[in-house]
Amino acid sequence: MHGESGKQSLRGALKEDVPGFNFDNYARNASLPTETTMHLPSAMKTGTTIAGVTFKDGVVLGADTRATGGTEVADKNCEKIHYLAPNIYCCGAGTAADTEKTTEMISSQLDLLRLSTGSPSRVVTACTMLKRMLFRYQGHVSAALVLGGVDSSGAHLYQIYPHGSTDKNPYVTMGSGSLAAMSVFETGFKEDMTEAEAIELVKEAILAGIYNDLGSGSNVDLTIIRRNGEVTVLRGYLTPNDVEPLRTSYKRPAALSVPAGATAVLSTHMDPARPGLEGLVIEDATAMTF
Amino acid sequence: MSFELDLALPLLKEPVDQMREGLKAGGFRSEAVAPHPVQAFQATRKEAEFQARLDTIARLYGIAAAMRLKTERDILSRVCRAPGLPSSMVGLETVLGTDETIEFEDVLNDPQERPDMPLIPVHERMEARLGL
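Thresholds, definitions, all that
Residues numbered from 1 in each chain as written. Chains lettered and ligands numbered in written order. Predicted model: local features only at pLDDT ≥ 70, side-chain atom pairs only at ≥ 80, totals over all residues. Heavy atoms only, no water. Helix = DSSP H or I, 4+ residues; strand = E, 2+ residues; numbered from the N terminus. Contact = heavy atoms within 4.5 Å. Areas by Shrake-Rupley, 256 points an atom, 1.4 Å probe, with all protein chains shown as cover. Core = buried A, V, L, I, M, F, W, Y, C linked by side-chain atoms within 4.5 Å. Buried < 20%, exposed > 50% of the residue type's maximum accessible area, 1.4 Å probe, protein only. UniProt positions renumbered as here; feature names shortened; annotations may be inferred.

Undergrad: What is the right way to read the overall build of chain B from this model?
TA: Counting its secondary structure elements, chain B contains 7 helices and 0 strands. When its helices and strands are written in sequence order, chain B yields α-α-α-α-α-α-α. A separation threshold of at least 6 residues defines the contact pool for chain B, and within that pool the share at least 24 residues apart is 41%. Looking at chain B as shown, the accessible area adds up to about 9,700 Å², and 58% of this sits on carbon and sulfur atoms.

What follows is the structure in structure tokens.
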């Protein structure tokens, strides 16, 4: 374990070169609320409505684009549909960093597996890798995922919970807006829909989450993966909450918009850092390894 | 190099080198705090998984195969450079099969990509390891 904060004990330093997660600040963070009056900032979560539906020719994944940190909106247009493989995409709810890093890791692992086997990735492979990793971290990696894709055995859709359990269904929703989205699915889903019907259904489900859940908001993103291998990523498919019109219509005080040349220039003096440095070229410097 | 985690009373497990570590050292304060649950089971998981694998191999293929695997791992984990220097451990990764996997340990906090210089130089680490 590590010595006093700020000082490195030899015993602690000899064990410091361990890659992976760094728990140095855990003890300090745990004592902050009890020993001081400070409170920790909350991790950025994606409150989220994510949903997926299988249709006749493939899978449609949808997500909202709001990321919250506590009660404030941290990102009004974040991307929640992550790439795993050319034929597999994954929507992520929960702690934003966890979903992003987990999906990146699994994407790299799938890439490695494709290189060593020479065949396209299967959705069930991605599902197994994700559930094994999430179970290994016992739910501390807070990532709830909707995994969808098309492979040689058809179109598949999985939902993966943070502790590692999975479900395979024709339509799935996850996140804080999952109930709102699921209500739309339960009324509107039918087998063998066309692509237009599936897109409309997912759009309505995500909108239900956006309007009825505080943790979800802003735009609707869609990704369509078809059986013939085509993928269409529709980022910002629908933007019902665009702030641009509001922002431009607001009358700001004239003092804020100063035209160029409004301030008179009295004198100009330029001092180069050193004579002869005008053609300075910065070369790549590699750190000296110790 | 194995990292044991003892959640019982903070007992003195090895002698404190007060010349190097200071009079108040010994790690009692930090050892008394409960570690993060992930840290706790990460410390024991690798060894436990390896033992389970050895057990499976012993039941399927016989004790000799299991002992051979264990010996290979022990030998290959000793072949490395001086402490603080990078060692690629190619043999160990091949035997354990970790050269074909990507984990968080490969990506996060790579000791070779630290922005600061290591506080303890190679020579002091070597002296500490040799007990000089």
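Next, the rest of the story.
Undergrad: So what exactly am I meant to see when it comes to the nonpolar core here?
TA: Soluble globular proteins tend to bury their nonpolar side chains together. All names here are of chain A. Residues Leu 84, Ile 88, Ile 106, Leu 110, Leu 145, Leu 147 and Ile 160 are the most contacted members of the largest nonpolar core, which totals 24 residues. Only strand S6 (81-85), strand S7 (88-95), helix H3 (96-117), helix H4 (123-136), strand S8 (143-151) and strand S9 (154-160) provide two or more residues apiece to this core. For this core, the leading source of residues is H4, giving 7 residues. Excluding residues within four positions of it along the chain, Ile 106 makes contact with Leu 84, Ala 126, Met 129, Leu 130 and Met 133. Core analysis: the next-biggest nonpolar cluster, separate from the first, contains 23 residues, Tyr 171, Ala 198, Leu 201 and Val 220 among them.

Undergrad: What is the right way to look at the UniProt feature "active site" (unreviewed entry) in chain A in this model?
TA: Residue and element names in this part refer to chain A. According to UniProt, the "active site" (unreviewed entry) feature falls on Thr 48. Secondary-structure assignment places Thr 48 in the loop between strand S1 (45-46) and strand S2 (50-55). Residue classification places Thr 48 among the buried residues on the basis of a relative accessible area of 0%. For Thr 48, the contacting residues outside a window of four places in its chain are Asp 64, Lys 80, Gly 92, Ala 93, Met 174, Gly 175, Ser 176, Gly 177, Asp 213, Gly 215 and Ser 216.

Undergrad: I'm lost on the side chain of Thr 103 of chain A in this one. Help?
TA: You can see Thr 103 of chain A is positioned in helix H3. Not counting the four nearest positions on each side in its chain, Thr 103 of chain A is found in contact with His 82, Tyr 83, Leu 84, Cys 90 and Leu 145 of chain A.

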